[in-house]
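Chain by chain, the residues:
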Amino acid sequence: MRVLSGIQPSGSLHIGNYFGMMKRMIDYQENQELFCFVVNLHALTSTFDAERLRKQTYDALGDFLALGLNPDKSIFWVQSDVPEVTELTWYLSNITGMGLLERCHSYKDKLAKGIPASHGLFSYPVLMAADILLYGADRVPVGKDQKQHVEVARDLALRFNSTYGETFVVPEPDIEDTIATVPGLDGQKMSKSYGNTIEIFVDQDNLRSKIMSIKTDSTPVNEPKPTQGNILFDLYTLFLDEQGKAELKERFLAPGLRYGDIKKELLNTIWEYFEPYREKRAHIQKDDVIDILKAGAVKARTVASEYLAKARHNVGVDYFN
Ligand code: ADP
Ligand code: TRP
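Asker: Can you help me understand the overall build of the chain in this one?
Answerer: Across its full length, the chain holds 14 helices and five strands. For the chain, whose C-alpha radius of gyration is 21 Å, the value lies close to the compact-globule estimate of 20 Å for 321 residues. With 321 residues in all, the chain has 49% of them scored as buried. Here the contacts in the chain between residues at least 6 apart in sequence split such that 77% fall between residues at least 24 apart. As displayed, the chain has an accessible area near 15,400 Å², and 50% of this comes from carbon and sulfur atoms. Here the chain carries 37 positive and 44 negative side-chain charges, and the mean point of each set is 3 Å from the other.

Asker: Please explain the site of ligand 1 as it appears in this structure.
Answerer: Surveying the vicinity of ligand 1 reveals 18 residues, the closest of which are His-14, Gly-143, Asp-145, Val-182 and Lys-192. A distance of 3.2 Å separates an oxygen atom of ligand 1 from a polar side-chain atom of Asn-17. Taking Ser-191, its side chain carries an N or O atom lying 2.8 Å from an oxygen atom of ligand 1. For ligand 1, whose unbound accessible area comes to 540 Å², protein coverage reaches 92%. Its residues assigned to classes, the shell around ligand 1 shows seven nonpolar, eight polar and three charged.

Asker: Sorry if this is basic, but what is going on with the packing of helix α10 (residues 204-212) against helix α13 (residues 259-282) here?
Answerer: Any two packed helices are characterised by the angle at which their axes cross and by the distance between the axes. It is the contact of α10 with α13, at a shortest axis distance of 10 Å, that shows an interaxial angle of 140°. The angle between the axes of α10 and α13 places the two elements in the oblique class. Crossing angle aside, the handedness with which α10 passes α13 is right-handed. Contacts between α10 and α13 involve Gln-204, Leu-207, Arg-208, Ile-211 and Met-212 from the first element and Lys-263, Lys-264, Leu-266, Leu-267, Ile-270 and Trp-271 from the second.

Asker: When you look at the site of ligand 2 in this model, what are you seeing that I'm missing?
Answerer: The full set close to ligand 2 counts 13 residues, and Ser-5, Tyr-124, Met-128, Asp-131 and Gln-146 are the nearest of them. Separating an oxygen atom of ligand 2 from a side-chain N or O atom of Gln-8 is a distance of 3.5 Å. The side chain of Asp-131 places a nitrogen or oxygen atom 2.7 Å from a nitrogen atom of ligand 2. Among the elements that make up the shell around ligand 2, the one with the highest residue count is helix α8 (residues 124-133) (four residues). Taken together, the residues of the shell around ligand 2 sort by class into seven nonpolar, five polar and one charged.

Asker: Can you walk me through the pattern of salt bridges in this structure?
Answerer: Once the charged atoms of two side chains with opposite charge are near each other, the side chains can pair. For the structure shown, the criterion picks out 19 salt bridges. Here Arg-54 makes a salt bridge to Glu-51, at a shortest N to O gap of 2.9 Å. Of this pair, Arg-54 and Glu-51 both sit in helix α3 (residues 50-66), separated by three residues, roughly a single helical turn. In this pair, the class of Arg-54 matches that of Glu-51, namely exposed. A single network of salt bridges, built from pairs that share partners, joins Lys-55, Asp-59, Asp-63 and Arg-281.

What counts and what doesn't
- Residues numbered from 1 in each chain as written.
- Chains lettered and ligands numbered in written order.
- Predicted model: local features only at pLDDT ≥ 70, side-chain atom pairs only at ≥ 80, totals over all residues.
- Heavy atoms only, no water.
- Helix = DSSP H or I, 4+ residues; strand = E, 2+ residues; numbered from the N terminus.
- Rg over C-alpha atoms; globule rule 2.2 N^0.38 Å.
- Buried < 20%, exposed > 50% of the residue type's maximum accessible area, 1.4 Å probe, protein only.
- Contact = heavy atoms within 4.5 Å.
- Areas by Shrake-Rupley, 256 points an atom, 1.4 Å probe, with all protein chains shown as cover.
- Lys, Arg positive; Asp, Glu negative; His and termini not counted.
- Charge placed at Lys NZ, Arg CZ, Asp CG, Glu CD.
- Near = heavy atom within 4 Å.
- Polar contact = N/O pair within 3.5 Å; in protein donor to acceptor, adjacent residues only side chain to side chain.
- Nonpolar A, V, L, I, M, F, W, Y, C, P; charged D, E, K, R; others polar.
- Axes fitted to C-alpha atoms, helices over the stretch in contact; angles between N-to-C directions.
- Parallel < 35°, antiparallel > 145°, perpendicular 65-115°, else oblique.
- Left-handed = near helix turned anticlockwise from the far one by under 90°.
- Salt bridge = Lys/Arg side-chain N within 4 Å of Asp/Glu carboxyl O.

This is the structure in C-alpha cells:
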C-alpha cells in the first residue's frame, strides 16, 4: 500500500500535528511504501516573507527527521522540487466544479482567521489533490480537519478517470478516530492559528507554563472528575497505552484527584517522551538535510513523471503522438 501525506512549513510543530499525522506517518514507514513531503507551495497561500518560508521549510524538515522519519525507508522531499505538480494542478482545475471548492470549510475558516482571500487560497484543494494523485497514493493519513480535502482528491480522481479514461488511483483518507482532533490548551482544536498549542521542541519553562494554563473544570477535589471532554485527560491519554488509559480513568473517577498533580505528571511525561527527539534535533545539520532532500526529489520525480505522462496523453496535450 502506498501512503502519502504532507505538512505545511508554517510554524513550530505541535502535539496535534504529531499525533494527528506525523507519528502515524513515521509508524507506516516500517511496513508500507511511504511518501512524505513538506508542502511549501501550499504555504505561499499565507506566507509572504521569503526568508521566513525558507527557514520554516528547513525547520519542518529537521523536525520530521528528528522525530524518526527515515529517508532510507521512505521518500522524503520538498513539494516545490517536483514542478510536475503545478502542471497536474492545471489539468485538474478544468474538471473542478466551482461548487466543489465553494463547499470546502477550510477556505471559509482561513478567511475568518484573516488570511487574505486569493485565487491560490480558493484553489488550495486542487493543488493538494494534484499532490496526492501525482504519486498514486492509496491512503492519506491526516487529522480530521483535512478529511474534506482528501475527499476532493477522491472526487477529482474519479472525475478525471471518467472524463479522460483510467489514469489515477482513487485515494482514501486515513483518520485515527481516537485522536481525530487533539484539543488545545483552551479545548478548541489545537492549532497554530488559535495560539493554543503545545509545541514539540520547546524548553522546559515554556512547556511548564503551557501545561499549567490548561483549562480545567471546578469539580471539588473530593468528587469524581469528568473524563468526557476533559482537556487534561484527553491530552494525557495520548501518551498512554490501553492499560495506562484505563488506570488514568480510574484515578479520575476516584475522589481526591487534584488537577494540579496531574498537570505536573503530564509535564514530566511530555518532557521525557520527546527527550530523545530533542537530542537528535540538536544534531541535525542543514547540509545533511539538503542531501537527503535532493535524493528524495529524484525518487519522487520518477513516480510523478510517469503519472504526469499518462495524464498529458489522456487529456491530449501530447499533440506529437
Ligand atoms: P495547524 O492547524 O496547527 O495549522 P496544520 O493545518 O499545519 O496544523 O496540520 C498539519 C497536519 O496535522 C494535518 O494533517 C492536520 O490534520 C493535523 N493536525 C493539525 N492539528 C491537529 C489536531 N489538533 N488534532 C489532530 N490532527 C491535527
Ligand atoms: N493541506 C494539508 C494541511 O494543511 C497539507 C497538504 C498539502 C497535504 N498537500 C497534501 C496533506 C497532500 C496530505 C496530502 O495540513
